[in-house]
Amino acid sequence: MDEIEIIQNPALGAYVLWRFGLGYQAEDGRNPLFPLSFLVLPLLLHRSTLDIISSTLKPSGLALFAAKLGKERENLLAVHERALALRPLTLQSIGLGISQRLLTLDYASTTIRANGLEDGARNPKLPERIRAFSGAAEKVGFWFSQLSFQQVGSILAVEF
């Protein structure tokens, strides 16, 4: 496996999407709209973007993160291109997350829910190299939960 396959794989993607969902649902229990899932991996699987997420305080919000990212306009515009390129990986990750009961897709409301761990289950022990994804995913989930679907798209300059 090459370096990209080690990081960009459905198992890590499912874990990151699960943590994103937990962060989104933490405030009031609402589930994120399904299309928002397609922005998570493009934000977190890009090292410099992940670093900006990690260095932005949770209360600062998505707008401040986007302002930091957009200091060089092409970085902000690249999110949309990465979302398109990572669409297959996102779908595989969602499928794996559903099969492992981390995620539930609600077709009627077009939302995706991050499920709690089953009784007696513990959070997995993570290797050091992927721990940063966990907190960053929950932070992005929280940021998205504070805004409407349209606001998230507008701030990140993406089209759904």
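None of the values given here were measured: they were computed from a predicted structure. (Residues numbered from 1 in each chain as written. Predicted model: local features only at pLDDT ≥ 70, side-chain atom pairs only at ≥ 80, totals over all residues. Heavy atoms only, no water.)

**Some details on the overall build of the protein**
No. 1: Each helix and strand counted, the protein has 9 helices and 2 strands in total.
No. 2: Starting at the N terminus, the α and β elements of the protein follow one another as α-α-α-α-α-α-α-β-β-α-α.
No. 3: In the protein, once contacts between residues fewer than 6 apart in sequence are set aside, the share between residues at least 24 apart is 73%.
No. 4: Put simply, the protein shows about 8,600 Å² of open surface, and 55% of that area lies on carbon and sulfur atoms.
No. 5: A gap of 5 Å separates the mean positions of the 16 positive and 15 negative side-chain charges of the protein. (Helix = DSSP H or I, 4+ residues; strand = E, 2+ residues; numbered from the N terminus. Contact = heavy atoms within 4.5 Å. Areas by Shrake-Rupley, 256 points an atom, 1.4 Å probe, with all protein chains shown as cover. Lys, Arg positive; Asp, Glu negative; His and termini not counted. Charge placed at Lys NZ, Arg CZ, Asp CG, Glu CD.)

**So, helix 2 (residues 10-25)**
No. 1: Helix length check: helix 2 (16 residues) gives 22 Å between terminal C-alpha atoms against 22 Å at 1.5 Å per residue, within 8%.
No. 2: The element helix 2 is extensively covered by neighbouring structure, given that 13 of its 16 residues are classed as buried.
No. 3: Residue Asn-9 occupies the N-cap position of helix 2, its side-chain oxygen lying 3.0 Å from the main-chain nitrogen of Ala-11. (Expected span 1.5 Å × (residues − 1). Buried < 20%, exposed > 50% of the residue type's maximum accessible area, 1.4 Å probe, protein only. Polar contact = N/O pair within 3.5 Å; in protein donor to acceptor, adjacent residues only side chain to side chain.)

**Topic: the pairing of strand 2 (residues 111-114)**
No. 1: Of the pairings in the sheet, the one linking strand 1 (residues 103-106) to strand 2 comprises 4 bridges and is antiparallel in character. Note that in strand 2 the partner of Leu-103 across the bridge is Ala-114.
No. 2: With antiparallel pairing between neighbouring strands as the criterion, strand 1 and strand 2 make up a hairpin whose turn holds 4 residues, including Thr-110 at a positive phi of roughly 50°. (Pairing = 2+ DSSP bridges.)

**Side note on the packing of helix 2 against helix 3 (residues 37-44)**
No. 1: Across the interface, helix 2 lies against helix 3 with an axial gap of 10 Å and an inter-helix angle of 115°. With respect to helix 3, the axis of helix 2 lies roughly perpendicular. The element helix 2 and its partner helix 3 pack so that their crossing is right-handed. Each of Gly-13, Val-16, Leu-17 and Phe-20 in helix 2 lies in contact with helix 3, whose residues at this interface are Ser-37, Val-40, Leu-41 and Leu-44.
No. 2: When grouped by side-chain class, the residues that make up the contact of helix 2 with helix 3 number 6 nonpolar, 2 polar and no charged. (Axes fitted to C-alpha atoms, helices over the stretch in contact; angles between N-to-C directions. Parallel < 35°, antiparallel > 145°, perpendicular 65-115°, else oblique. Left-handed = near helix turned anticlockwise from the far one by under 90°. Nonpolar A, V, L, I, M, F, W, Y, C, P; charged D, E, K, R; others polar.)

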